[in-house]
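Analysis of the macromolecular model
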Amino acid sequence: MKRRYFAASLFVAIGFGWLTLGGIPYEEYQGVADFPPEAEIGSEAFDNLLVKTAETNNTATVVYPIAAIAMGDFGMINPATKLTVIETNETSRTVQIDAYQMQGAEKVLYVGNGQRAIVATLTQQGQAALTVGAFKEDEYGNRWRTASLIADIDAQVLNDIAPLWHYAEQLDTVYCSGCHAKIGANHFTVNAWGPVAKGMGERTDISEEDLEILIKYFQANAKDIVKH
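Note that the coordinates shown come from a computational prediction; the quantities given were computed from them, not determined experimentally.

A closer look at the packing of helix α5 (residues 190-201) against helix α6 (residues 208-220)
The description of two packed helices rests on the angle between their axes and on the distance between the axes. One way to put it is that α5 packs onto α6 with a least axis distance of 9 Å and a crossing angle of 145 degrees. Here α5 and α6 pass one another in a crossing that is right-handed. Counted together, Val190, Trp193, Gly194, Ala197, Lys198 and Gly201 of α5 and Leu211, Ile215, Phe218 and Gln219 of α6 form the full contact between these two elements.

What follows is the structure, encoded as structure tokens:
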């Protein structure tokens, strides 16, 4: 007997179109997609990340936060943001963020020109401290400019992004693959992954913090970021 297949349970509006995420057997859809399992990842997985941060010494030239961290009065830095270390002392690091800013959204720093993966959110003080380039219009009529910020942080960080991506892959296995076949990060663009992953996250018990890490993983490996 042929198995009936039902289009996967998540439809996400992107621009003027709709995206359908894969397909699963109808029998499984009834028991899984409508009522996703209450999967959870053990705290020891994140604890392993904390252990890895202890390996980041004072000679590290590039570091990555494992969670959202404060940069004094300047705002917040998102997890997985690449930070170039300018100076290190016993209690803090002075780091530089090199990013992009879109006209009309000056409170936000993005990973790239036209790429809406948020790396930091800024206060008025943070915006005033930026070193910026000239705005240039993209093919969609949005205007972007380079933006760099030097700030102090005192949070635990990694000197290698790999352990954070390993944790993100565990999150993907636990929270995503229980409802549908695993979707490669290169399936969507960096701009599509934000709403897609948030829509999927709403169907699970994943925490906001873990969802942010998962989104950053997908965006960093999106089809228009990494050549596969």
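Considerations on the pattern of salt bridges
Under the defined criterion, the tally for this structure stands at 2 salt bridges. We note a salt bridge from glutamate 55 to lysine 52, for which the minimum N-O separation is 3.9 Å. When its relative accessible area of 47% is taken as the criterion, glutamate 55 is described as partly exposed. On the basis of relative accessibility, which here comes to 36%, the residue lysine 52 falls in the partly exposed class.

Topic: the packing of aromatic side chains
In total, this model carries 6 aromatic pairs according to the counting rule given. Judged by centre distance (5.4 Å) and plane angle (70 degrees), the ring pair of tyrosine 110 and tryptophan 144 falls under edge-to-face. Remark: tryptophan 144 occurs in strand β14 (residues 143-153) and tyrosine 110 occurs in strand β10 (residues 108-112); sequence separation between them is 34 residues. Both residues of the pair, tyrosine 110 and tryptophan 144, count as buried. Centroid distance tryptophan 165 to tyrosine 217: 5.6 Å. Interplanar angle 65 degrees. Geometry classified as edge-to-face. One end of the pair, tryptophan 165, is in helix α4 (residues 162-176); the other, tyrosine 217, is in helix α6, and 52 residues separate them in sequence.

Some points on the nonpolar core
Counting residues in each nonpolar core, the largest one holds 32 residues, and the members touching the most others are Leu164, Trp165, Trp193 and Phe218. For this core, the secondary structure elements donating two or more residues are α2 (43-53), α4, α5 and α6. Other than its neighbours up to four places away in sequence, phenylalanine 218 contacts Asp172, Ile183, Ala185, Trp193 and Ala197. Ranked by size, the runner-up nonpolar core spans 20 residues in total, among them Val63, Leu83, Ala99 and Val157.

Here we look at the environment of glycine 104
Turning to its location among the elements, glycine 104 is positioned in the loop between β9 (93-102) and β10. The class of glycine 104 is exposed, set by a relative accessible area of 68%. In this structure the C-alpha to C-alpha distance between glycine 104 and asparagine 142, which are 38 residues apart in sequence, comes to 9.2 Å.

Scoring rules and cut-offs
Residues numbered from 1 in each chain as written. Predicted model: local features only at pLDDT ≥ 70, side-chain atom pairs only at ≥ 80, totals over all residues. Heavy atoms only, no water. Axes fitted to C-alpha atoms, helices over the stretch in contact; angles between N-to-C directions. Helix = DSSP H or I, 4+ residues; strand = E, 2+ residues; numbered from the N terminus. Left-handed = near helix turned anticlockwise from the far one by under 90°. Contact = heavy atoms within 4.5 Å. Salt bridge = Lys/Arg side-chain N within 4 Å of Asp/Glu carboxyl O. Buried < 20%, exposed > 50% of the residue type's maximum accessible area, 1.4 Å probe, protein only. Phe/Tyr/Trp six-rings, centres within 6.5 Å; stacked < 30°, edge-to-face > 60°. Core = buried A, V, L, I, M, F, W, Y, C linked by side-chain atoms within 4.5 Å.

Geometry only, nothing functional implied.
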